Each structure stands twice: as C-alpha cells, then as structure tokens.
Amino acid sequence: LKDLSFENPNPLTAYKSTTEKPNIKVDVNTVVKKLPDKAFEVTLDIKTEAKSKDDKVAFIAEVSYAGIFTLNKIPEDQEKPLLLIEAPRMLFPFARNVLAETTRDGGYPPLMLNPIDFGALYQKQMAAQQQNQKKN
C-alpha cells in the first residue's frame, strides 16, 4: 500500500436513513516506473467519489497500491502488455479490499468494485494512441 486517503466531508449524510443509493464515480490509472535490473514498479491508482442525489459529496476514497515486478527473459515487445494488463490484474484484489475496508470503517457499506478488464483498457489506450499518431 503506497497511499490511502479517505474524506468524509458530510458525515451526517452517512447516517440518514435513506434508501437511495449514491452516484459513485470510479477512476482507475496504472503507472509504470522502470527500476534497475529489469524490474518495474507498477502502481494501481483507484479514486472513487460518492455523491448523493442532491449532489453532495458523501465520501472520496483514493488508494494507490503498488508491486515490484521483475521481467527476466521476456521479449521487450511483450513487456508493456504484461505491465499494463497482468500486473494491475494481480494488484487489483488487494487494492479493492483496502478500499472496501476503508469505506466500511468510514461508516458506509463496503465499496466492492466489480472486476476490471485491464486487457480492454489496454486495447482502448493503444487505439487512442494510434489515433493521435495518425492526427499528427
């Protein structure tokens, strides 16, 4: 666990008896940092923001969860998919658990994120990069 933040700007709204579910926005980002000896630090950043129907922020929770991955005997052209698909896939369950426990400890039901298809995210990112290259 690299970093954890939980903000509860309107704590009384968590305890109001209401059946409405908050609108929850989730942003996911993966950052890769090269280390010596074919090692890489991969950080999975997840930011969540929950708002009530009247647009009041219920909570903001952010987690940065990292792992160090060593890629021996991996062809260079296969490093990027491994680091941006497989590494975050391995980190996700741990980051998800930290996020669920943090929101529960903050007085809300545990926020259980659905599994993320990192392969689809990678493909989308590669397609966007190709589009940008064609424009330039």
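This write-up is about the structure you can find in this document.

### Digging into helix H3 (residues 118–135)
Item 1. The end-to-end C-alpha distance of H3, which contains 18 residues, comes to 26 Å, matching closely the 26 Å that a straight helix rising 1.5 Å per residue would cover.
Item 2. Of the positions making up H3, those classed as buried are Phe118, Gly119, Tyr122 and Met126. Projected down its long axis, H3 shows its buried positions confined to an angular sector of 105°, all on one face. Exposed side of H3, more than 90 degrees from the buried face: Lys124, Lys134 and Lys135 are the residues found there.
Item 3. Elements in contact with the buried residues of H3: strand E2 (23–35), strand E3 (39–51) and helix H2 (76–105).
Item 4. Of the residues flanking the start of H3, the one acting as N-cap is aspartate 117, its side-chain oxygen 3.1 Å from the backbone nitrogen of glycine 119.

### Regarding the pattern of salt bridges
Item 1. If you walk through the whole model with that rule in mind, you get 6 salt bridges.
Item 2. With its nearest N and O atoms 3.9 Å apart, the salt bridge here joins aspartate 27 to lysine 25.
Item 3. The exposure class of aspartate 27 is partly exposed, given its relative accessible area of 38%.

### A word on the nonpolar core
Item 1. Core analysis: the biggest nonpolar cluster contains 27 residues, and Leu44, Ile46 and Phe59 have the highest contact counts within it.
Item 2. Secondary-structure elements contributing two or more residues to this core are E3, strand E4 (57–70), H2 and H3.
Item 3. Broken down by element, this core gets its largest block of residues, 9 residues, from H2.

### Examining the environment of asparagine 23
Item 1. In this structure, asparagine 23 sits in strand E2.
Item 2. The spacing of asparagine 23 and glutamate 49 is 26 residues in sequence and 8.1 Å in space, taken between C-alpha atoms.

### Observations regarding H2
Item 1. For H2, which comprises 30 residues, the first-to-last C-alpha distance of 43 Å matches the rise-based estimate of 44 Å (1.5 Å per residue) to within 8%.
Item 2. Roughly 40° is the biggest bend found in H2, and it falls at leucine 82.

### A few points about the packing of aromatic side chains
Think of a pair of aromatic rings as described by two things: how far the centres are apart, and how the planes are tilted against each other in angle.
Item 1. Going through the model one piece at a time under the given rule, you end up with 5 aromatic pairs.
Item 2. A centroid spacing of 6.2 Å and a plane angle of 65° characterise the contact between phenylalanine 92 and phenylalanine 118, whose relative ring orientation is edge-to-face. Of this pair, phenylalanine 92 sits in helix H2 while phenylalanine 118 is found in helix H3, placing the two residues 26 residues apart along the sequence.
Item 3. With relative accessibility at 6%, the residue phenylalanine 92 sits in the buried group.
Item 4. Every member of this aromatic cluster is reached through a ring pair, and the members are Phe6, Phe59 and Tyr108.

Thresholds applied
Residues numbered from 1 in each chain as written. Predicted model: local features only at pLDDT ≥ 70, side-chain atom pairs only at ≥ 80, totals over all residues. Heavy atoms only, no water. Helix = DSSP H or I, 4+ residues; strand = E, 2+ residues; numbered from the N terminus. Expected span 1.5 Å × (residues − 1). Buried < 20%, exposed > 50% of the residue type's maximum accessible area, 1.4 Å probe, protein only. Arc of directions from axis to C-beta. Contact = heavy atoms within 4.5 Å. Polar contact = N/O pair within 3.5 Å; in protein donor to acceptor, adjacent residues only side chain to side chain. Salt bridge = Lys/Arg side-chain N within 4 Å of Asp/Glu carboxyl O. Core = buried A, V, L, I, M, F, W, Y, C linked by side-chain atoms within 4.5 Å. Bend = angle between axes of the 7 residues up to and from the residue. Phe/Tyr/Trp six-rings, centres within 6.5 Å; stacked < 30°, edge-to-face > 60°.

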